[in-house]
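Summary of structural features
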Amino acid sequence: VVSPVLPLYVKALRPDASHIATLAGATMSVTALTSSLAALAIGRLGDRHGQKPVLIACVLGAVGIYVPQALVSTPWQLLALRAIEGVFVGGMTPASNALLVKSTPASRRGAAFGISASVGSAGRAMGPLAGAAAANGWGMRSAFLATAGVYAIVAAVAALGVRPQESVDTTGQPALRPVSAAPELGPTESPSSR
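This is a predicted model, so every value here is computed, not measured.

Thresholds, definitions, all that
- Residues numbered from 1 in each chain as written.
- Predicted model: local features only at pLDDT ≥ 70, side-chain atom pairs only at ≥ 80, totals over all residues.
- Heavy atoms only, no water.
- Phe/Tyr/Trp six-rings, centres within 6.5 Å; stacked < 30°, edge-to-face > 60°.
- Helix = DSSP H or I, 4+ residues; strand = E, 2+ residues; numbered from the N terminus.
- Buried < 20%, exposed > 50% of the residue type's maximum accessible area, 1.4 Å probe, protein only.
- Expected span 1.5 Å × (residues − 1).
- Contact = heavy atoms within 4.5 Å.
- Core = buried A, V, L, I, M, F, W, Y, C linked by side-chain atoms within 4.5 Å.
- pLDDT = per-residue confidence, 0-100.

As for the packing of aromatic side chains
For the structure shown, the criterion picks out three aromatic pairs. Aromatic pair Tyr 9 and Phe 144: ring centres 4.8 Å apart, planes at 40°, arrangement tilted. Of the two residues, Tyr 9 sits in helix α1 (residues 6-13) while Phe 144 sits in helix α6 (residues 141-161), which places them 135 residues apart along the sequence. An identical accessibility class is assigned to Tyr 9 and Phe 144; each is buried.

Shown next as structure tokens:
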């Protein structure tokens, strides 16, 4: 949503800067950098504590980090907040993909990921249009607040509507889990005594 506004916003925050293009580029790319670094760590966190709580925490974190971006007074503040934003954005992808796998039968996962990719592409197409419209109507800062509002809706949908199910195989039966190792025998037990 904010991508068409971001370079103009950086310029508005520092109109006298001679290196404005470099500063705008760094502000746009820092989110991708921190997102890629955070995805691995937050993906592991989701494996330990559950994907749904991690997804909701990341989406709420994005809500919380977009609001102050609308209130910054220097490009450096914006750069720091965009770096933090990347942590939350990076955590959303592995959590949502894991939830998609857990709630989709193996025979339908290709279609599910296809729909997910299509919706993501539609969002990347419509988001900049919505952000530009918000900026034209209410000023550049409104694009950040609009994005926070969208993420708040996503958080509510995830909290109320996402119910991760056990992974199922192509027949619709619960997927087989690996058999755990046999229990240790006591000092006087033998396998035949069981």
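Next comes the rest of the write-up.
Comments concerning α6
Look at α6: 30 Å from first C-alpha to last across 21 residues, which is about the 30 Å you get at 1.5 Å a residue. Within α6, the full set of buried residues consists of Ser 142, Ala 143, Phe 144, Thr 147, Ala 148, Tyr 151, Ala 155 and Ala 158. Where α6 is buried, its residues touch α1, α3 (51-69), α4 (75-102) and α5 (109-138).

Some remarks on the nonpolar core
Nonpolar side chains in soluble globular proteins tend to end up buried together. With 33 residues, the main nonpolar core has Tyr 9, Leu 55, Tyr 66, Leu 78, Met 92, Phe 144 and Tyr 151 as its most contacted residues. Secondary structure elements with two or more residues in this core: α1, α2 (20-49), α3, α4 and α6. Here this core takes nine residues from α3, the largest share from any one element. Once you skip the residues sitting within four places of it in the chain, Met 92 turns out to touch Leu 55, Cys 58, Val 59, Ala 62 and Tyr 151.

Quick word on the confidence of the model for the protein
Residues of the protein with pLDDT of at least 70 account for 84%, and the chain-wide mean is 84. Taken as a whole, residues 167-171 scores under 50 in pLDDT and shows 18 contacts with residues more than four places along the chain or in a different chain. Segment residues 175-182: pLDDT under 50, and four contacts once partners within four positions in sequence are set aside and those in other chains are kept.

Digging into the environment of Leu 100
Mapped onto the secondary structure, Leu 100 falls in helix α4. In the structure, Leu 100 is positioned 16 residues away from Ser 116 in sequence and 8.9 Å away in space, judged by C-alpha atoms. The residues contacting Leu 100, other than those within four sequence positions of it, are Ala 112, Phe 113 and Ser 116.

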